[in-house]
Amino acid sequence: MTLTERARTILREPLVHFLLGGALIFAFFAWQGEEADPASRVIDVDEQVQAQIALTYERTMQRPPTDAELDALIDRWVREEVLYREALRLGLDAGDPVVRRRLAKKMDFLAASSAQATEPDEDELADWYRANAGRYAEDTRLSFDQVYFAEQPEAAAVLTQLRQGWQGVGDPASLPGSIEGRGLPAVAAQFGQDFANRLAGMEPSAAWEGPVRSGVGWHFVRLRAVEVGEVPPLDAVRQRVIEDWRLETSKTREEEAYRLLRDAYQVRIER
């Protein structure tokens, strides 16, 4: 076995994934500047913490805080930190769905944050633009069928149902099941921009795809036809394309990070 093959074998080990996940979590808390030892009763309000407090204020108020305002903000931060640590000691974070969801969101943010400041190279951006040209073309029209779910369903079970017939599948909704030749802006107005973008990037097919998230829930979609209008040159929409590329890259990195961590877990679902 060559060194490269050995390295690939090691990287596929779940334990390595777990350690990488642990390193990711450690890096997150280090980046946040939070105390690694929750039992500590020492609170350091160093220059980095003060700078973060001032930056948060400036982003909200569009100006830096005065000295008096910064002192008040630090007092408030210390108060929150004291109460936060005491809440941890009492175990108040355990079983709280809001805390659970908030921490999960922070992990997603950590995984995606590097993409927010990344500049794609010209070839990468041009390839991405060609693959998603339908989003930017004027008068692009979509024809598709959709089945709605209020909560994210288990994909394999739904796809099996849809192959046997799609009428009657899904949750009741006022949304139309079939849409013919509707413009992309109208689709975005009804289902949300992310939903419209996802469909614009699909290839027409007789197969169902999903779940696709919209502004109102989850959908399985069968994209029957796409009429792509005139696509503007990349330079005419460059900034918008870069922003969309960053958003998509962030989502991809979130999912990759989750998959890396997920592989370290064995999930048992009692039926």
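Residues numbered from 1 in each chain as written. Predicted model: local features only at pLDDT ≥ 70, side-chain atom pairs only at ≥ 80, totals over all residues. Heavy atoms only, no water.

> Explain the pattern of salt bridges to me, using residue names and the numbers behind them.
With the rule as written, the count across this model stands at 14 salt bridges. A salt bridge links E248 to R135; the nearest nitrogen and oxygen atoms lie 2.7 Å apart. Of this pair, E248 sits in helix α11 (residues 238–262) while R135 sits in helix α7 (residues 133–136), and the two are 113 residues apart along the sequence. Classification of R135 by relative accessible area gives buried; the value is 7%. Across the pair R224 and E180 runs a salt bridge whose closest N-O atoms are separated by 2.8 Å. (Salt bridge = Lys/Arg side-chain N within 4 Å of Asp/Glu carboxyl O. Helix = DSSP H or I, 4+ residues; strand = E, 2+ residues; numbered from the N terminus. Buried < 20%, exposed > 50% of the residue type's maximum accessible area, 1.4 Å probe, protein only.)

> So what's going on with the pairing of strand β3 (residues 209–213)? Residues and values would help.
Pairing between β3 and strand β4 (residues 218–227): 3 bridges, direction antiparallel. Pairing of R213 across the sheet is with W218, part of β4. Where β3 folds back on β4, the antiparallel hairpin that results is connected by 4 residues. (Pairing = 2+ DSSP bridges.)

> Explain a nonpolar patch on the surface to me, using residue names and the numbers behind them.
Together, Y265, V267 and I269 give the surface a local cluster of nonpolar side chains, amounting to about 340 Å² of exposed area. Note on placement: V267 falls in the segment after α11. The class for V267 is partly exposed, based on a relative accessible area of 47%. (Patch = residues over 30% accessible without salt bridge, like charges linked within 9 Å, V, L, I, M, F, W, Y side chains within 5 Å. Areas by Shrake-Rupley, 256 points an atom, 1.4 Å probe, with all protein chains shown as cover.)

> Hey, could you go over the sheet that holds β4 for me, with residue numbers and the actual values?
Strand order in the open sheet formed by 4 strands is β2-β1-β4-β3, with antiparallel pairing between adjacent strands. Edge positions in the open sheet fall to β2 (178–183) and β3, since each of these has one partner strand only. For this sheet, the mean inter-axis angle between neighbouring strands, taken without regard to orientation, is 40 degrees. The pairing of strand β1 (residues 141–149) with β4 spans 9 bridges and is classified as antiparallel. Residue F149 lies in a different strand from β4, and its bridge partner there is W218. (Axes fitted to C-alpha atoms, helices over the stretch in contact; angles between N-to-C directions.)

> Give me the lowdown on helix α10 (residues 193–200), citing residues and values where you can.
The complete set of buried residues in α10 reads F195, A196, N197, L199 and A200. Those residues of α10 that are buried lie in contact with α7, β1, α9 (184–191), β3 and β4. (Contact = heavy atoms within 4.5 Å.)

> Just give me the short version of α11, but keep the residues and values in it.
Side chains that are three or four residues apart share a direction in an α-helix, a result of its 3.6 residues per turn. Relative to the 36 Å expected for 25 residues at 1.5 Å per residue, α11 spans 36 Å between its end C-alpha atoms, a close match to the ideal helical length. Listing the buried residues of α11 in full gives V241, I242, D244, W245, R246, T249, S250, A257 and L261. (Expected span 1.5 Å × (residues − 1).)

> Go over the nonpolar core, please, and point to the residues and values.
Most often, soluble globular proteins have nonpolar side chains that are buried together. If you look at the biggest cluster of nonpolar residues, it comprises 17 residues, and the most contacted ones within it are L142, F144, V187, F191, F195, L199 and V221. Excluding residues that lie within four positions of it along the chain, F144 makes contacts with G177, S178, I179, V187, F191, F195, L199, V221, R222, L223 and R224. Membership of the second largest hydrophobic core comes to 10 residues, among which are L162, W166, V169 and F220. (Core = buried A, V, L, I, M, F, W, Y, C linked by side-chain atoms within 4.5 Å.)

> Could you give an account of the packing of helix α6 (residues 122–131) against α11, with specific residues and numbers?
Running from N to C, α6 and α11 cross one another at 90 degrees; their axes reach a closest spacing of 11 Å. In terms of orientation, α6 and α11 fall into the roughly perpendicular class. Counted together, E122, E124, L125, W128 and Y129 of α6 and R238, V241, I242, D244, W245 and E248 of α11 form the full contact between these two elements. Each residue belonging to the contact of α6 with α11 can be placed in one class, and the counts come to 6 nonpolar, no polar and 5 charged. (Parallel < 35°, antiparallel > 145°, perpendicular 65-115°, else oblique. Nonpolar A, V, L, I, M, F, W, Y, C, P; charged D, E, K, R; others polar.)

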